[in-house]
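Coordinate analysis (summary)
What follows is the residue order along each chain.
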Amino acid sequence: MDRYRILSLDGGGSWSLIQVKGLIELYGPDKPGREVLQDFDLIAANSGGSIVLGCLIEDLCLSKILAFFNDETQRKAVFSKSDSLQDRVLHDLAGVGPKYSEKNKLPALQHVLPQRGNCSLQDAVAGIRRPGASEDLHVLITSFDYDRNRATFFRSASATGPEWGHGDASPITLAEAIHASTNAPINYFDAPAKFPDREGRYWDGGISGCNNPVLVAVTEAIVKGQESTNIVALSIGTATVRLPVARAGEQLAPPFVREIVEPGIKNDLRKLATSILDDPPDIATFLAHVMTGGGVGLGTQLADSRIIRMSPLVSPVKKLVNGTEVWSAPSSMTPEQFKNLVNLDFDAVEQTQVAEIMGYADIWVKGEAPNQPIRMNGDTLARELGQDRFGTAKAAWEAIR
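Description of the structure in this document.

**Description of the pairing of strand β7 (residues 231–236)**
- Among the 6 residues that make up β7, 6 are buried, leaving the element largely enclosed by the rest of the structure.
- Here β7 shows two buried faces, one formed by I231, A233 and S235 and the other by V232, L234 and I236.
- Taken together, the 6 bridges between strand β1 (residues 4–9) and β7 define a ladder with parallel strand orientation. Bridging across to β7, Y4 finds its partner in I231.
- Bridge count between β7 and strand β9 (residues 307–310): 4 bridges; the pairing is parallel. Looking at the pairing, A233 lines up with I307 of β9.

Right, dumping it as C-alpha cells:
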C-alpha cells in the first residue's frame with residue numbers, strides 16, 4: 001500500500017530558514033516549491049513554517065526561499081517595528097511588550113506572494129498532487145481564534161465525517177492564513193491579526209499548542225480516512241535549546257547549563273511568551289509516534305517510528321578534555337558563540353543574528369550538531385527514540401516514505 005505522506009513545518013520566525021536548509025539537503029537548491037509539495041499528501045504548518053509553505057506554494061525554488069530569509073529588508077518588512085512609541089519605550093526599558101506592527105505584516109506577506117497570496121487556500125494549491133493521487137494536496141495552517149479563545153485551523157479542503165464532525169474548507173486567502181498564524185503576542189506583535197474585508201482576530205497557532213503541528217496533521221489525516229499505520233510524517237523544526245540542569249554536587253560551567261531564574265513579572269512574562277516554542281509542542285512528535293503505531297511493522301532498521309523529526313538541538317555535546325568528558329560547544333563553536341545562539345530570540349531580524357542561525361544550520365546538516373530526537377533523556381540529553389543526527393534522520397525518511 002502506498003503510504004500517506006505528511007510534511008509538518010514548525011513555527012519559529014527567522015529560525016524557519018532551518019527548514020529550508022533541511023529541504024535543500026533532501027531536494028537540492030534548485031527544486032521548485034510546487035515540485036516539493038507534490039511529494040506529499042498533506043502539509044501542516046504554523047507561524048514561520050507557514051511562511052515557508054507559502055513560498056513553496058508560490059513556486060519559489062528552495063534557494064530563493066532561503067534568499068528571502070537572508071534578505072534583511074524583506075525580514076524587516078514582515079517584522080516591522082510597532083508604530084506605538086509607548087510599546088517601543090516599554091520594551092526597551094523593561095524588555096516586556098510588543099515590538100512589531102500587526103497592520104504592516106499582511107501587506108508584506110502579499111508582496112512576498114504576488115501570484116498565490118490573494119488566492120483562497122483551495123485555489124492556491126489547485127493542481128498540486130502526488131502522482132497517481134485522487135485529490136489535490138491538503139493544506140492545514142494553524143492559528144488561535146482570539147475572540148473564541150480556542151485553536152482554529154485553516155484548510156484548503158474539508159475534513160469531515162460522521163464520526164468526526166465538520167472541518168470545513170476556509171474561505172480566507174493564503175496570505176491571510178499566514179498572517180493569522182504568524183502573530184505571536186505579548187513580546188512580539190502589538191495586536192491580534194485582522195483582515196481588511198472579513199471578521200476575525202487571531203494569534204499565532206503556537207498559543208493553541210500547535211507550534212509543532214505534526215500531531216494536528218496526523219489527526220487530520222485520520223479524519224480524512226487514512227489508517228493510522230499507513231501514515232508517515234516528516235516533521236521539520238526550527239531548533240530547540242536544550243541545556244542540562246546541574247544536579248546536587250555536579251559542577252557545570254556556563255553557558256552549558258540551564259540558568260534557574262527567580263519568579264517575577266518580567267521573567268514569567270518572558271517564559272509565557274516563549275513557551276509556545278517548547279513543551280507542549282515538543283511532545284507532539286511523541287504523541288504522533290504513538291498514534292501511528294510506533295515502529296511496529298516498518299520493516300527497516302533505519303527507522304524506529306513513522307514520524308521522522310528533523311530539527312537542530314542547540315545543546316552542548318560531550319568532548320574529551322585531558323581524558324575527561326566535559327560539556328562543550330558543538331563542532332568548532334566557541335563558548336561565546338554558543339551562548340549567543342542560546343540567547344537568540346526566535347524573531348531574530350538583524351543580519352548578524354540570521355548569520356548565526358545559518359551557521360548552526362550548516363553544521364547541523366553536516367552532522368556536527370545534534371538533531372532533536374522524538375524522545376530524549378532530560379538530564380543526559382541522550383537519544384531514546386528517533387535520530388540524533390541529520391544524516392540518520394534523512395536515511396530514515398528515505399526508508400519509510
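**Section: the packing of aromatic side chains**
- Summed over the entire model, instances satisfying the criterion amount to 12 aromatic pairs.
- An angle of 70° between the planes, with centres 5.1 Å apart, marks the rings of F68 and F69 as edge-to-face.
- Overall, the relative accessible area of 6% leaves F68 in the buried class.
- For the ring pair F79 and Y100, a centre distance of 5.2 Å and an interplane angle of 75° mean the geometry is edge-to-face. Separated by 21 residues along the polypeptide, F79 in the loop between α5 (72–78) and α6 (85–94) and Y100 in the loop between α6 and α7 (105–112) bring together distant segments of the chain. Each member of the pair, F79 together with Y100, is buried.
- Grouped by ring-pair contacts, the aromatic residues F79, Y100 and F189 constitute a single cluster.
- Over the ring of F189 we find K105; its NZ or CZ atom is 4.8 Å from the centre of that ring.

**As for the environment of A67**
- As for its placement among the helices and strands, A67 is situated in helix α4 (residues 62–69).
- Taking the C-alpha atoms as reference points, A67 and V20, 47 residues apart in sequence, are found 9.9 Å from one another.

**Remarks on the pairing of strand β4 (residues 150–155)**
- The pairing of strand β3 (residues 138–145) with β4 spans 6 bridges and is antiparallel. Across the sheet, S143 pairs through a bridge with T152, a residue of β4.
- Joining the antiparallel neighbours β3 and β4 is a turn of 4 residues, in which N149 adopts a positive phi near 60°.

**Things to note about the nonpolar core**
- In terms of nonpolar packing, the biggest core is built from 89 residues, with W15, L53, I141 and L234 touching the most fellow members.
- Not counting chain neighbours up to four residues away, the residues in contact with W15 comprise T238, A239, V314, L341, L344, D345, F346 and I357.
- Ranked by size, the runner-up nonpolar core spans 19 residues in total, among them Y4, A44, V214 and I307.

**Quick look at the side chain of T173**
- In this fold, T173 is placed in the loop between β4 and α9 (174–181).
- In contact with T173, not counting residues within four places along its chain, are G117, N118, C119, S120, L121 and R198.

**Some points on the packing of helix α10 (residues 214–223) against helix α12 (residues 284–291)**
- Between α10 and α12, the shortest axis-to-axis distance is 8 Å and the interhelical angle comes to 25°. Between α10 and α12, the crossing angle belongs to the class labelled roughly parallel. Within the contact between the two elements, α10 uses V214, L215, V218, T219 and I222 and α12 uses A284, T285, L287, A288 and M291.
- In terms of residue class, the contact of α10 with α12 is built from 8 nonpolar, 2 polar and no charged.

**Brief notes about the packing of helix α13 (residues 335–342) against helix α14 (residues 351–365)**
- At a minimum axis separation of 10 Å, α13 and α14 run at an interaxial angle of 110°. Between α13 and α14, the crossing angle belongs to the class labelled roughly perpendicular. Seen from α13, the contacting residues are Q337, N340 and L341; seen from α14, they are E356, I357 and Y360.
- Partitioned by chemical class, the residues of the contact of α13 with α14 number 3 nonpolar, 2 polar and 1 charged.

**Some remarks on the pattern of salt bridges**
- According to the stated counting rule, one finds 19 salt bridges in the structure shown.
- K224 serves as the salt-bridge partner of E135, at 3.1 Å between the closest nitrogen and oxygen. With a gap of 89 residues between them, E135 in the loop between α8 (121–124) and β3 and K224 in the loop between α10 and β7 connect regions that are remote in the sequence.
- Between D145 and R148 there is a salt bridge, with the nearest N and O atoms lying 3.1 Å from each other.
- The exposure class assigned to R148 is exposed, which follows from its relative accessible area of 58%.
- Salt bridges linked by common partners bring D2, D41 and R130 together as one network.

Calculation criteria
Residues numbered from 1 in each chain as written. Predicted model: local features only at pLDDT ≥ 70, side-chain atom pairs only at ≥ 80, totals over all residues. Heavy atoms only, no water. Buried < 20%, exposed > 50% of the residue type's maximum accessible area, 1.4 Å probe, protein only. Helix = DSSP H or I, 4+ residues; strand = E, 2+ residues; numbered from the N terminus. Pairing = 2+ DSSP bridges. Phe/Tyr/Trp six-rings, centres within 6.5 Å; stacked < 30°, edge-to-face > 60°. Lys NZ or Arg CZ within 6 Å of the ring centre and 35° of its normal. Core = buried A, V, L, I, M, F, W, Y, C linked by side-chain atoms within 4.5 Å. Contact = heavy atoms within 4.5 Å. Axes fitted to C-alpha atoms, helices over the stretch in contact; angles between N-to-C directions. Parallel < 35°, antiparallel > 145°, perpendicular 65-115°, else oblique. Nonpolar A, V, L, I, M, F, W, Y, C, P; charged D, E, K, R; others polar. Salt bridge = Lys/Arg side-chain N within 4 Å of Asp/Glu carboxyl O.

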